[in-house]
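Here are the chains, one letter per residue:
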Amino acid sequence: GQQVMQIPQYQHVQEGEDFTTYCNSSTTLSNIQWYKQRPGGHPVFLIQLVKSGEVKKQKRLTFQFGEAKKNSSLHITATQTTDVGTYFCAGRNNAGNMLTFGGGTRLMVKP
Amino acid sequence: DAGITQSPRHKVTETGTPVTLRCHQTENHRYMYWYRQDPGHGLRLIHYSYGVKDTDKGEVSDGYSVSRSKTEDFLLTLESATSSQTSVYFCAISDRQGLGNEQFFGPGTRLTVL
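The structure reproduced in this document is the subject of the present report. Given the structure is predicted, the values throughout are model-derived calculations rather than measurements.

With that settled, consider the overall build of chain A. Counting secondary structure elements, chain A contains 0 helices and 11 strands. For 111 residues, the compact-globule estimate of 2.2 N^0.38 gives 13 Å, and chain A sits close to it at 13 Å. Projected onto its principal axes, the C-alpha positions of chain A cover 45 × 25 × 20 Å. Residues classed as buried in chain A amount to 49% of the 111 residues present. Considering only contacts within chain A whose residues lie at least 6 apart along the sequence, 55% involve residues at least 24 apart. As displayed, chain A offers around 5,300 Å² of accessible surface, 51% of which is attributable to carbon and sulfur atoms.

Take a look at the structure:
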């Protein structure tokens, strides 16, 4: 079945440093979504990417979808303590019936 | 936050006992999902529903059953709980299956099976 791998599993950064998490799928995706989960909370939808090579920005967050629609990345510029949490990618296959989540990257930010 | 509640929020039970978790939504969304979250595994889909009485299996459905008799309620049952089912369970809902199909998650249920 479809597998979605995410690296790194954990990342410690100093406040103000940049952060990137990478997502790779074993199969071509129809679209990919990103979610953020604060400690003790539930996942919250951030964005969806659909087109090959698509890049979207939300303030300090930049999301990319690979040309082959098998990988994606989330980059945070100048991290803040409010960025702390676990970031998940979730890919939808061409059948469209299920989302497969990556294992998540837990971001910790030292003030 | 979308109108999704889960009950109970915490439960401790013993191996072999039946357990039912409830997800209730007030958004009238068609699709409902049950996930489990374990360290290092992200969120794994257990079962999902695409309408009243319409359900299907996810990737980790063994040992779980679901029912959806009303649009607003989706029940997850562990017929005979095992320690491997200790986890945090999240319910999610979405309005569409295709594009624009973001999922909204409930607050989660922490289940411990002793």
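With 21 residues of chain B in contact, the opposing surface of chain A contributes 20 residues. On inspection of chain B and its partner chain A, the count reaches 0 salt bridges. Counting every contact that joins chain B to chain A gives 3 residue pairs in polar contact (both at pLDDT 80 or more). Those elements that place two or more of their residues in the side of chain B that touches chain A are strand E4 (31-38) and strand E5 (42-51) of chain B. Among the elements that make up the side of chain B that touches chain A, the one with the highest residue count is E5 of chain B (4 residues).

The subject of this paragraph is the sheet that holds strand E7 (residues 64-70) of chain B. All names here are of chain B. Pairing within the open sheet is antiparallel, and its 4 strands lie in the order E1-E3-E8-E7. For this open sheet the edge positions go to strand E1 (4-7) and E7, each flanked by a neighbour on one side alone. On average, each strand axis in the sheet is inclined to that of its neighbour by 20°, with strand direction left out of account.

Bridge count between strand E2 (residues 10-14) of chain A and strand E11 (residues 105-110) of chain A: 5 bridges; the pairing is parallel. Within E11 of chain A, the position partnered with tyrosine 10 of chain A by the bridge is arginine 106 of chain A.

Residues and elements named next belong to chain A. Read from one edge to the other, the open sheet built from 5 strands follows the order E1-E3-E8-E7-E6, with strand pairing classed as antiparallel. Of all strands in the sheet, those bounded by a partner on one side alone are strand E1 (4-7) and strand E6 (55-58). Strand-to-strand twist in this sheet, taken as the mean axis angle between neighbours without regard to direction, amounts to 15°. Alignment of strand E3 (residues 19-25) against strand E8 (residues 71-76), held across 6 bridges, turns out to be antiparallel. Within the sheet, the bridge partner assigned to threonine 21 lies in E8 and is leucine 74.

The next subject is the layout of surface pockets. What the largest pocket holds in volume is close to 740 Å³. If you go around the largest pocket, you meet 34 residues; those closest to its centre are Gln37, Gly40 and Thr86 of chain A together with Gln37 and Arg110 of chain B. Those elements that provide at least two residues to the lining of the largest pocket are strand E9 (85-92) and E11 of chain A together with E4, strand E9 (87-94) and strand E11 (109-113) of chain B. In terms of residue class, the lining of the largest pocket is built from 11 nonpolar, 18 polar and 5 charged. One number sums up the size of the second largest pocket: a volume of about 300 Å³. Along the wall of the second largest pocket there are 16 residues; nearest its centre are Val4, Met5, Phe101 and Gly103 of chain A together with His41 of chain B.

Rules used throughout
Residues numbered from 1 in each chain as written. Chains lettered and ligands numbered in written order. Predicted model: local features only at pLDDT ≥ 70, side-chain atom pairs only at ≥ 80, totals over all residues. Heavy atoms only, no water. Helix = DSSP H or I, 4+ residues; strand = E, 2+ residues; numbered from the N terminus. Rg over C-alpha atoms; globule rule 2.2 N^0.38 Å. Buried < 20%, exposed > 50% of the residue type's maximum accessible area, 1.4 Å probe, protein only. Contact = heavy atoms within 4.5 Å. Areas by Shrake-Rupley, 256 points an atom, 1.4 Å probe, with all protein chains shown as cover. Salt bridge = Lys/Arg side-chain N within 4 Å of Asp/Glu carboxyl O. Polar contact = N/O pair within 3.5 Å; in protein donor to acceptor, adjacent residues only side chain to side chain. Pairing = 2+ DSSP bridges. Axes fitted to C-alpha atoms, helices over the stretch in contact; angles between N-to-C directions. 1 Å grid on protein atoms, 1.4 Å probe; cavity = no way out; pocket = protein on both sides within 12 Å on 5 of 7 lines; lining within 4 Å. Points joined across faces, edges and corners; volume = space filled by probe spheres on them. Nonpolar A, V, L, I, M, F, W, Y, C, P; charged D, E, K, R; others polar.

These values are about where atoms sit, not about what they do.
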